[in-house]
Amino acid sequence: MNELESQLDYAFGDAMPESGRTMEVAPGVRWLRMGLPFALNHINLWLLEDEVETPQGLRRGWTVVDCGIATDATRQAWETIFAEELNGLPILRVLATHCHPDHVGLADWLCRRWQAPLLMSAGDYAFARVMSAALPGAEGTAATPHFQRHGLADPQTIATLQGRNNYYQELVPAMPHAYARLQDGHAVRIGGRDWEIITGFGHSPEHVSLYCGELNVLISGDMVLPRISTNVSVFAIEPESNPVQQFLDSLKKYAHLPADALVLPSHGKPFRGLHTRIAQLDEHHRLRLAEVLAACATPKTGVDILPVLFKRALDTHQLSFALGEAVAHLHKLWYDGALRRELGEDGVYRFVVV
């Protein structure tokens with residue numbers, strides 16, 4: 001456990017659910033984990049006891065929060081959960097916190113499997129539809145010229161990125177054709193309890209977190225993670241964005257929640273210490289921005305900033321996110337007026353202290 005983690009209270013210590021099993025973390029709330037084939041090797045998913053009114057009367061079952069990626073291994077893990085962990089009850093609703101593949105990859109499969117509706121924010125549902133359909137500008141081919149404008153020139157890296165043109169579609173092969181909207185400031189009633197909808201920005205178009213006052217539980221998705229900092233990137237489809245600012249502004253939306261709320265993150269272990277962790281994330285970005293600003297005493301590209309922000313070797317999967325995040329930190333300083341952006345004759349953006 002690192003120094004920052006030691007400031008948090010891990011409510012269940014090192015206990016976590018085994019593969020194909022669930023673990024109760026609050027009344028009517030179960031935790032399960034699905035594997036991911038990346039350096040970040042797992043995602044936490046949640047099962048909430050639920051009930052819905054039907055023409056035939058009250059129907060009891062479960063709401064699933066997030067889905068895992070579309071792989072045979074994940075489907076098989078879900079089949080084990082269905083057979084052994086649902087107490088013979090059905091999935092009634094599927095809720096996705098946001099559009100990233102580990103969260104919506106199997107949304108369509110789950111919804112079809114159980115004839116269940118999808119609940120999602122409008123922004124992330126629309127983006128998932130656009131990405132899974134590989135519309136021009138949203139498919140993988142857009143990434144290469146975008147990153148080349150920020151200094152990517154290594155032929156091998158470019159070739160590797162171009163080989164990932166169908167990356168999103170492979171992990172999210174389809175999305176449900178309809179959904180029910182989750183909207184900031186509203187509440188969704190699950191299992192007789194109200195869950196406040198808190199939207200956040202910077203990590204995805206309109207990320208949804210859920211807070212239940214009755215349970216004092218926050219399902220934070222990717223917005224507040226205990227061990228790592230959420231990725232905030234500038235991508236090709238929104239090349240002039242300022243996601244670091246959006247993310248930092250979004251963290252303020254949790255200020256009204258109790259300090260002892262149990263936080264259920266999408267990665268890592270459940271913890272208490274929400275306000276402590278938010279302060280840590282604010283400080284993390286403050287320090288990274290200071291490092292980037294210092295590096296830009298002479299003109300720097302996004303690629304030049306990679307070793308400033310990331311001290312470890314990066315695989316191709318990590319590189320695209322890391323470069324997006326490097327540009328995001330440059331953009332924050334540029335929008336703040338601390339940096340000037342220059343477009344060189346080579347078609348590459350460089351940033352330098354004003």
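Residues numbered from 1 in each chain as written. Predicted model: local features only at pLDDT ≥ 70, side-chain atom pairs only at ≥ 80, totals over all residues. Heavy atoms only, no water.

A. Main features of the sheet that holds strand S5 (residues 57-65). Spatially, the seven strands line up as an open sheet ordered S2-S3-S4-S5-S6-S7-S8, and their pairing is mixed. Sheet topology places strand S2 (23-26) and strand S8 (180-181) at the edges, where each strand pairs with a single neighbour. Strand contacts of helix H3 (residues 107-114): S5, strand S6 (91-95) and strand S7 (118-120), with the helix running at about 160° to S6, the strand carrying the most contacts. Lying over the sheet, helix H4 (residues 122-132) contacts S7 and S8, oriented at roughly 115° with respect to S7. (Pairing = 2+ DSSP bridges. Helix = DSSP H or I, 4+ residues; strand = E, 2+ residues; numbered from the N terminus. Contact = heavy atoms within 4.5 Å. Axes fitted to C-alpha atoms, helices over the stretch in contact; angles between N-to-C directions.)

B. Representation of the packing of helix H9 (residues 274-295) against helix H10 (residues 302-309) in the model. For the pair H9 and H10, the least separation of the axes is 10 Å and the interaxial angle reads 130°. For the element pair H9 / H10, the angle class is oblique. Along this stretch, H9 crosses H10, giving a crossing that reads as right-handed. Of the residues in H10, those in contact with Arg288, Glu291, Val292 and Ala295 of H9 are Ile305, Val308 and Leu309. Within the contact of H9 with H10, the residues separate by chemical class into five nonpolar, no polar and two charged. (Parallel < 35°, antiparallel > 145°, perpendicular 65-115°, else oblique. Left-handed = near helix turned anticlockwise from the far one by under 90°. Nonpolar A, V, L, I, M, F, W, Y, C, P; charged D, E, K, R; others polar.)

C. Examining the side chain of serine 320 more closely. Looking at where serine 320 falls in the secondary structure, it is placed in helix H11 (residues 316-335). Serine 320 gets classed as buried once you look at its relative accessible area, which sits at 11%. Beyond its immediate sequence surroundings of up to four residues, serine 320 is in contact with Phe147, Leu161, Arg164 and Phe235. (Buried < 20%, exposed > 50% of the residue type's maximum accessible area, 1.4 Å probe, protein only.)

D. Here's a closer look at H4. Asp124, Tyr125, Ala128, Met131 and Ser132 are the residues of H4 that are buried. Taken down its axis, H4 places every buried residue within 135° of arc, on the same side. Of the surrounding secondary structure, the elements contacted by the buried residues of H4 are S7, helix H7 (167-171) and strand S11 (207-212). Following H4 by one or two positions, alanine 134 has its phi on the positive side, about 55°. (Arc of directions from axis to C-beta.)

E. Broad picture of the pairing of S11. Counting buried residues in S11 gives six out of six residues, a clear majority hidden from the surface. Examined bridge by bridge, strand S10 (residues 193-200) and S11 share five bridges and lie antiparallel to one another. What sits directly across from threonine 199, in S11, is valine 208. As paired elements, S11 and strand S12 (residues 217-221) share three bridges and run antiparallel to each other. The partner of tyrosine 211 across the bridge, within S12, is leucine 218. Two successive antiparallel strands, S11 and S12, enclose a turn made up of four residues, where asparagine 216 displays a positive phi of approximately 55°.

F. Local environment of the nonpolar core. Ranked by internal contacts, the top residues of the largest apolar core, which has 45 residues, are Leu251, Tyr254, Leu274, Val292 and Ile305. Every element with two or more residues in this core is listed here: helix H6 (155-162), helix H8 (243-251), H9, H10, H11 and strand S16 (349-353). For isoleucine 305, the contacting residues outside a window of four places in its chain are Val292, Ala295, Cys296, Lys300, Ala326 and Leu330. Val64, Ala96, Leu118 and Ala138 belong to the second-largest nonpolar core, a separate cluster that totals 37 residues. (Core = buried A, V, L, I, M, F, W, Y, C linked by side-chain atoms within 4.5 Å.)

G. Fine view of the environment of arginine 288. As for its placement among the helices and strands, arginine 288 is situated in helix H9. Along the primary structure arginine 288 and proline 270 are separated by 18 residues, whereas in three dimensions their C-alpha atoms are 26 Å apart. Separated by 2.9 Å, the side chains of arginine 288 and glutamate 291 make a polar contact. (Polar contact = N/O pair within 3.5 Å; in protein donor to acceptor, adjacent residues only side chain to side chain.)

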